Amino acid sequence: MSYDFRHIRRSIVGLAAGLGFVVSAQAAEPLKTCFLYATPIGESGWAYQHEQGRKELVAAMGNKITTKFVDNIHGGPDAERVIRNFVQEGCKLIFTPSFGFMEPTIKVARQAPNVIFMQGTGYKTAPNVGTYNARYYEGRYLEGVLAGKMSKKGVVGYVGAFPIPEVLQGINAFTLGMRSVNPQAQVKLIWVNSWYDPGKERDAANTLIKLGADILAYAPSGISIVTMAEAQGVYTLGYYSDMSKFGPKTNLTSLVHTWGDYYIKEVEEVLAGRWKSKKVLGGLREGMIKMAPVNSAVTADAREKMLVDERAIIDGKLHPFAGPIYDQDGKERVAAGKIMTDDEMNNMNFLVKGVDGSMAKN
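The written sequence of each chain sets the order in which its residues are numbered from 1. Whole-chain, interface and lining totals are the exception, using all residues; otherwise, since this is a predicted model, local features are given only for residues with pLDDT of at least 70 and side-chain atom pairs are given and counted only at 80 or more. Note: side-chain values were computed over all heavy atoms of the structure, leaving out hydrogens and water.

Take the overall build of the protein chain next. Strands are runs of DSSP state E lasting at least 2 residues, helices are runs of H or I lasting at least 4, and numbering of each runs from the N terminus. Helix and strand counts for the protein chain stand at eleven helices and 15 strands. The C-alpha atoms of the protein chain give a radius of gyration of 22 Å, which matches the 21 Å a tight globule of 362 residues would have. Judged by the C-alpha coordinates and their principal axes, the protein chain covers about 90 × 45 × 40 Å. Each residue is assigned to one of three classes by its accessible area relative to the maximum for its type, calculated with a 1.4 Å probe on protein chains only: buried under 20%, partly exposed between the two thresholds, exposed over 50%. Residue burial in the protein chain is summarised as follows: out of 362 residues, 52% are buried. Here a residue-residue contact requires only that any non-hydrogen atoms of the pair lie within 4.5 Å. Contacts in the protein chain between residues far apart in sequence, at least 24 positions, make up 66% of those at least 6 positions apart. Accessible area of the protein chain: about 16,400 Å², with a carbon and sulfur share of 51%. Radius of gyration here is computed from C-alpha atoms only, and the compact-globule reference equals 2.2 Å multiplied by the residue count raised to the power 0.38. For accessible areas, the Shrake-Rupley method is used with a probe of radius 1.4 Å. Any residue's cover is judged against the shown protein chains and nothing else.

Structure below.
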């Protein structure tokens with residue numbers, strides 16, 4: 001009796017594919033892993049940090065994978081086009097880290113059931129789509145503590161990007177942290193409705209300084225606020241990357257996003273055939289965010305308070321969104337003794353007491 005081993009192998013692989021994503025471990029060719037970024041990679045920021053993570057992944061995995069990235073693609077049809085191109089080019093694992101990529105990712109994933117997608121900052125999943133995000137608000141709270149200790153006027157300016165839950169979490173956590181050490185402190189908020197627009201960011205920052213802010217924080221992804229503030233001698237609190245090289249005298253610290261370990265773990269799961277759709281959420285404890293070294297301009301008292309609160313967050317003894325929490329109108333949003341759940345925070349649609357600014361429309 002003779003056997004067509006090629007036919008048998010095709011049948012086994014087909015059966016394995018039907019049972020899940022276990023064929024990756026048997027694949028002879030490298031796992032093609034692709035990344036889509038919403039902004040230019042630049043020298044810092046959201047896309048820059050994800051690109052650093054991709055580079056760490058390449059260094060760790062060697063010839064087990066190949067990677068590709070496309071940057072400066074906004075959401076909508078352009079994102080859908082690039083994601084479809086990734087599939088056609090043979091990408092088997094696709095990372096799409098931007099809230100604006102959620103719908104295009106889900107749409108393409110329905111038509112590419114044998115491709116794995118991990119969507120960053122969104123909330124929709126499917127059998128071949130998972131999500132990943134970080135508790136950025138933990139670091140924002142710590143930056144707020146530092147601002148509350150360091151601001152001489154008790155007025156801090158905040159440049160918002162878009163009024164989505166993730167950004168609102170950051171503004172609110174920052175304000176709560178600041179008012180935990182200075183109950184009368186105030187955050188003046190201006191929206192730019194952009195992730196990257198250096199001109200608008202500088203204009204907003206300058207306006208906030210004129211309104212009395214002596215420290216600036218921000219959500220957009222550029223460096224313009226930090227460099228402008230450095231030239232004017234105004235303190236800043238950085239986001240995404242360590243911004244000290246852009247504001248060596250005035251950048252007090254930065255909340256840094258770190259993606260390398262996460263990407264390595266996700267690829268290892270795919271290669272081992274263990275991947276399953278899931279929602280990944282990490283923070284200071286998991287190392288998905290960290291605080292950059294504190295500037296020498298920071299007082300010993302402010303430094304110590306931030307470090308104590310950082311340890312308390314890591315140990316689970318302090319949660320930025322523990323009640324009582326009140327919104328701008330005085331309405332109780334979190335009762336005393338309660339803590340906002342992840343789902344509640346993912347649907348956040350208010351600003352806390354202490355924020356001087358409105359809920360902009362995106």
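This next bit is on the side chain of Glu 51. Relative to the assigned elements, Glu 51 resides in helix α2 (residues 46–61). Among all residues touching Glu 51, those that are not within four sequence positions of it are Tyr 37, Ile 41 and Phe 69.

Residues Ile 215 and Ala 217 of strand β8 (residues 215–218) are buried on one face, and the alternating residues Leu 216 and Tyr 218, pointing to the opposite face, are buried as well. Two strands pair under a simple rule: DSSP has to find at least two bridges between them. Examined bridge by bridge, strand β6 (residues 155–160) and β8 share four bridges and lie parallel to one another. Its bridge partner lying in β8, Tyr 158 is registered against Ala 217. Handedness of the β8-helix α8 (residues 224–232)-strand β9 (residues 235–240) crossover: right-handed. Every crossover in which the path from the first strand over the helix to the second runs clockwise, viewed with the strands pointing away from the viewer, is termed right-handed.

Side chains that carry opposite charge are capable of pairing whenever their charged atoms lie near each other. Just to be clear on terms, a salt bridge is a Lys or Arg side-chain nitrogen sitting within 4 Å of an Asp or Glu carboxyl oxygen. Taken as a whole and judged by the stated rule, the model has 16 salt bridges. A salt bridge links Arg 81 to Asp 78, with the nearest nitrogen and oxygen atoms 3.9 Å apart. Of this pair, Arg 81 and Asp 78 both sit in helix α3 (residues 77–88), three residues apart, roughly one helical turn. A relative accessible area of 43% means that Arg 81 is categorised as partly exposed. Measuring nitrogen to oxygen at the nearest pair gives 3.3 Å for the salt bridge that ties Lys 305 to Asp 309. Residue Lys 305 and its partner Asp 309 are located together in helix α10 (residues 300–314), separated by four residues, close to a single helical turn. Overlapping salt bridges bring together Glu 80, Arg 84 and Lys 107 as one network.

The next subject is the confidence of the model for the protein chain. For every residue, the pLDDT score states the predictor's confidence, bounded by 0 at the bottom and 100 at the top. Mean pLDDT over the protein chain works out to 92, with 92% of the residues at or above the 70 mark. Within the model, the stretch residues 1–27 combines pLDDT values under 50 with 20 contacts to residues more than four positions away or in other chains.

For the rest of this paragraph, the subject is the sheet that holds strand β7 (residues 186–191). With mixed pairing, seven strands are arranged side by side in an open sheet as β12-β10-β9-β8-β6-β7-β15. Whereas interior strands pair on both sides, the edge strands pair on one side only; in this sheet they are β12 (289–291) and β15 (355–356). With six bridges joining them, β6 and β7 adopt parallel strand pairing. Each bridged residue has a counterpart across the sheet, and for Val 159 the counterpart in β7 is Ile 190. Note on geometry: axes are lines fitted to C-alpha atoms, helical ones only across the stretch in contact, with angles between N-to-C directions running from 0 to 180 degrees. Set on the sheet, helix α5 (residues 136–150) makes contact with β6, β8, β9, β10 (251–257) and β12; between it and β10 the angle comes to about 175°.

Right, let's talk about the sheet that holds strand β2 (residues 65–70) for a bit. The six strands are arranged β2-β1-β3-β4-β5-β11 in an open sheet whose pairing can be described as parallel. Every interior strand has two partners, whereas the edge strands, β2 and β11 (279–282), have only one. Neighbouring strand axes in the sheet, compared pairwise and without regard to direction, differ in orientation by 15° on average. Pairing between strand β1 (residues 31–36) and strand β3 (residues 93–97): three bridges, direction parallel. Bridge pairing links Phe 35 to Phe 95 in β3. Most of the contacts of α3 go to β1, to which it runs at about 170°, and overall it touches β1, β2, β3 and β4 (116–120). Together, β3, β4 and β5 (129–134) form the strand contacts of helix α4 (residues 102–111), whose direction differs from that of β4 by roughly 170°.

Glancing now at the packing of α3 against α4. Interhelical geometry of α3 versus α4 gives an angle of 35° and a closest axis separation of 9 Å. You can see that α3 and α4 cross each other, and the crossing is right-handed. The residues of α4 that touch α3, namely those facing Ala 79, Glu 80, Ile 83, Arg 84 and Val 87, are Pro 104, Thr 105, Lys 107, Val 108 and Gln 111. Within the contact of α3 with α4, the residues separate by chemical class into five nonpolar, two polar and three charged. Helix crossings fall into two classes, left-handed where the near helix is turned counterclockwise from the far one by less than a right angle and right-handed where it is turned clockwise. Each residue gets one label: Ala, Val, Leu, Ile, Met, Phe, Trp, Tyr, Cys and Pro are nonpolar, Asp, Glu, Lys and Arg are charged, and the others, such as Gly, are polar.

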